[in-house]
Amino acid sequence: MGFFLLMDLKTVRNIGIIAHIDAGKTTTTERILFYTGKIHRIGEVDDATATMDWMEQEKERGITITSAVTSVFWKDHKINIIDTPGHIDFTAEVERSLRVLDGAVIIFSAVEGVEPQSETVWRQADKYHVPRIAYINKMDRLGANFYNVVENMKERFNTPPLVTQIPIGAEETFSGMVDLIKMKAIVWSNKQNEHAFEETEIPDNMKEKSNGMRHLMLEMLANYNNLILDKMLAGDEIGESELKAAIRESVVSYSLVPVFVGSSKKNKGIQHLLDGVNDYLPSPMERPPVEGQNPKTMEYAMRKPDVKSPFSALIYKIEIDKHFGKLAYIRVYSGTLEVKDQVVDATYDEKIRISKIFVMHSNKRLEVEKIEAGEICAIAGIRKSLTGSTLSDPKHLIILERPIFPEPVVSVSIEPKKRDDEEKLEEALSKLQEEDPTFKVLINPETGQKLISGMGELHIEILLDRLRREHNLEPRIGKPIVTYRETVRAVSTGDFELNRIMGQKSVFAYVKLKVEPNDKSVFQFENTLKKDVLPIEYAKPIEDGVKSAVSNGVVAGFPIINTKITLLEIKYDNQNSNENAFQFAASQAFKNALKHNDNYLLEPIMKLDVTVPDEFIGNVINDLNSRFAYVKGIDSESGRQVINSEVPLSEMFGYMNDLRTLTQGRGIYTMEFMQFREIPKEKLPKVKESLGIY
């Protein structure tokens, strides 16, 4: 049993490292581990030796696929770090991590600047109100331009960047940075020790630039801090501690984003980035209390980050372990948790006895006896719980807001090669679904064919590779197809009465529902009945019955979205009604309501950014037009053109090879899911034919 150091919450930081793919997240995390003494040799992504990329697929491909957590200590602070993937297919890992974090370091490449996935993770951080600092990496690379990236950030993000450091040199001449708070130069000039830096006076050729950038920094801070404003107007000296306090206040209030600079690969800037994490990102104590609902009384509930409060935690990740079964990664929001404690999964109403508590370092575990509010850990002993479940003190129940994940958009058919493998495949797919909330297994109601769905071709490819490696399965796989959605165009009602003998017992339940379009939410269930009309024990089964029916539409069996369902009426019998009866009646009432509505198909639309040399722009745009793409605009970037467009996913299979042909291998693209949209009339017959709808 390991010893776990319980910290003053004021000195704890829960942060994520997030960015576009190849911006240097894992390389940066590796340096953080080295400089904090967690590891004694720096691993590299290119050599497949990075600590946080522990999966075989991550080592082989040189990309991060799953989020990994670790803890480090820096200058009397404990920093819990989640390193996340940058590829859009694994955006769920970022989503669930941000849900439980108090702060984030968002990394940008000094060469590429703000890239599409940079914008996506920024929006995700906005969604969960996560304060952040920015780190402009790769200043040693050819084409590095710090000031261009800062301008990109101003143009594309609502929260203004606050430059706190500026680079000394760029590309091969990058040697350090000017700290605009201390007004000192920080340089790496020791050729015998690449890790050593010194603090010195600002070079003469950078004094004017540094003074100007500091004045801009102070002006921005003065817009949010009266002390800084008063001191600037009076011409008084502003102390380092006053500046840091003002910056910290602006970060915690989501007003500004401090910008740091460096080159992780060249070991420059990491120590000062860590100082920024301590100085500016909030502790759990500085975050608002978490809010939720008591599942029994349906009343509002709140938990403060206090060890004396009732225990509450959110499961943000599930991992199936061959030794311990289900491991749940949790963020503890209040109270304490000890081995052998009994808690309740308030989401699934299940009692849980905690058998193990682990503090994680990538895929390694340190077993501990106790964990407290504000911490991130893994636990064993759960059975039904899934990602998004709330663990709660049995006497003080609460359900916290769960992360919302994007819907999968690409499917392939799957079947076992051997009949003997059928049960084994079912079990393996079930485990993968438990771990990955964006991986779905569906049955085509028309053909009975089994489909697996994910966020993209790479996502599906990785999951199939895991079936081979971890479960020794080689299933037959079909070609990738689009996962469509269904919705309703009008308002309709439907009801269902269950009144029959089941076994030797009479069973009765009656449910009436209204179904209508709702563009503001994927799924909304509203109960208009008062507590004296609807017994509280039937409320959740009715909603669960509707949720189960929503997964199968009436057009082609695809999930139904953008729909509001309102409970209008129920009838029950004190002797013969039960929860299962109401769950079944609700699902049938919903299906009946759909039969009286105008149902139609939606297709996934992707945000596509294609970067090509100037001479290929015409060929690429012509090709996009042939794919039903809508070109929104073209941005010029030093000899390259970036085409911003929206395109149906169904037109994009195999696009990588086509783009290489069109641009002689010099074009690149990024693509992410944007929304589901009604299929155009001219395209609908072709889609219906492909789905076997006549």
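Residues numbered from 1 in each chain as written. Predicted model: local features only at pLDDT ≥ 70, side-chain atom pairs only at ≥ 80, totals over all residues. Heavy atoms only, no water.

This part covers the environment of G335. Residue placement: G335 occurs in the loop between β15 (325-334) and β16 (336-338). Taking relative accessible area as the criterion, G335 reaches 0% and is therefore assigned buried. Placed 23 residues apart in sequence, G335 and S312 show a C-alpha to C-alpha distance of 6.7 Å. Dropping the residues within four chain positions of it, G335 is found in contact with D306, V307, S309, P310, F311, E372 and A373. (Helix = DSSP H or I, 4+ residues; strand = E, 2+ residues; numbered from the N terminus. Buried < 20%, exposed > 50% of the residue type's maximum accessible area, 1.4 Å probe, protein only. Contact = heavy atoms within 4.5 Å.)

So, on to the domain arrangement of the chain. Each domain of the chain was delimited in the assignment, giving domain 1 (9-280), domain 2 (301-400), domain 3 (410-473), domain 4 (487-597) and domain 5 (602-691). Taken over C-alpha atoms, the centre of domain 3 sits 28 Å from the centre of domain 5. (Domains from an automatic or database assignment.)

We now examine the packing of aromatic side chains. A full pass over the atoms with the stated rule returns 15 aromatic pairs. Ring geometry for F108 against F157: centres 6.1 Å apart, planes inclined by 45°, an arrangement best described as tilted. Here F157 lies in the loop between α5 (146-156) and β6 (161-163) and F108 lies in strand β4 (residues 103-109), a separation of 49 residues in the sequence. Residue F108 is classed as buried on the basis of its relative accessible area of 1%. Accessibility expressed as a relative area gives 8% for F157, which makes it buried. (Phe/Tyr/Trp six-rings, centres within 6.5 Å; stacked < 30°, edge-to-face > 60°.)

Attention now moves to the pairing of strand β5 (residues 132-137). Within β5, six of the six residues are buried, which leaves the element mostly enclosed by the surrounding structure. Neither face of β5 is exposed, since R132, A134 and I136 on one face and I133, Y135 and N137 on the opposite face are all buried. The pairing of β4 with β5 spans six bridges and is classified as parallel. Bridge assignment links I106 to a residue of β5, and that residue is A134. Inspection of the sheet shows β5 paired to strand β11 (residues 257-261) by three bridges, in the parallel sense. (Pairing = 2+ DSSP bridges.)

The next point concerns the sheet that holds strand β12 (residues 290-293). Across the sheet, which stays open at both edges, the three strands sit in the order β13-β12-β24 with antiparallel pairing between neighbours. Both edges of this open sheet fall to β13 (300-303) and β24 (399-400), since each of them pairs with a single strand only. As paired elements, β12 and β13 share four bridges and run antiparallel to each other. The partner of Q293 across the bridge, within β13, is Y300.

With mixed pairing, seven strands are arranged side by side in an open sheet as β2-β3-β1-β4-β5-β11-β6. The sheet terminates laterally at β2 (68-74) and β6, the two strands that pair on one side only. For this sheet, the mean angle separating the axes of adjacent strands, direction not counted, is 30°. Against the sheet, helix α9 (residues 270-280) makes contact with β1 (12-19), β2, β3 (77-83), β4, β5 and β11, and its axis sits at roughly 170° relative to β5, the strand it touches most. (Axes fitted to C-alpha atoms, helices over the stretch in contact; angles between N-to-C directions.)

Below, the discussion takes up the side chain of N225. With respect to the helices, strands and loops of the structure, N225 is situated in the loop between α6 (207-222) and α7 (226-234). The exposure class of N225 is buried, given its relative accessible area of 10%. In this view, N225 contacts A246 and E249; residues no more than four positions away in its chain are not counted.

Before going further, it helps to spend a moment on the packing of helix α14 (residues 617-626) against helix α15 (residues 655-662). Across the interface, α14 lies against α15 with an axial gap of 10 Å and an inter-helix angle of 150°. Here the hand of the crossing between α14 and α15 comes out right-handed. Two secondary-structure elements touch here, α14 through N619, V620, D623 and L624 and α15 through Y655, L659 and L662. Residues of the contact of α14 with α15, tallied by class, amount to five nonpolar, one polar and one charged. (Left-handed = near helix turned anticlockwise from the far one by under 90°. Nonpolar A, V, L, I, M, F, W, Y, C, P; charged D, E, K, R; others polar.)

Of all hydrophobic cores here, the largest spans 94 residues; its most connected members are L98, V105, F108, F146 and L221. Two domains each provide a minimum of three residues to this core, namely domain 1 (9-280) and domain 2 (301-400). Sequence-distant contacts of L98, that is, excluding residues within four places in its chain, are made with I18, A104, V121, Q124, A125, Y128 and V130. (Core = buried A, V, L, I, M, F, W, Y, C linked by side-chain atoms within 4.5 Å.)

Let us look at the packing of helix α10 (residues 422-435) against helix α11 (residues 457-471). In the contact formed by α10 and α11, the axes pass within 11 Å of each other and the chain directions differ by 120°. Taken as axis vectors, α10 and α11 run oblique relative to one another. Crossing hand, α10 versus α11: right-handed. Here K424, L425, A428, L429, K431, L432 and E435 of α10 lie close against α11, whose contacting residues are L463, R466, L467 and H471. Looking at the contact of α10 with α11, its residues break down into six nonpolar, one polar and four charged. (Parallel < 35°, antiparallel > 145°, perpendicular 65-115°, else oblique.)

So, about unusual backbone geometry. Glycine aside, a negative phi is what most residues show, and trans is what most peptide bonds show. With phi around 55°, M183 is a residue other than glycine that occupies positive phi space. Here M183 is to be found in the loop between β8 (176-179) and β9 (184-187). Note on M183: relative accessible area 18%, which makes it buried. The backbone of D349 shows a phi angle near 55°, a positive value even though the residue is not glycine. Topologically, D349 is positioned in the loop between β17 (342-345) and β18 (350-353).

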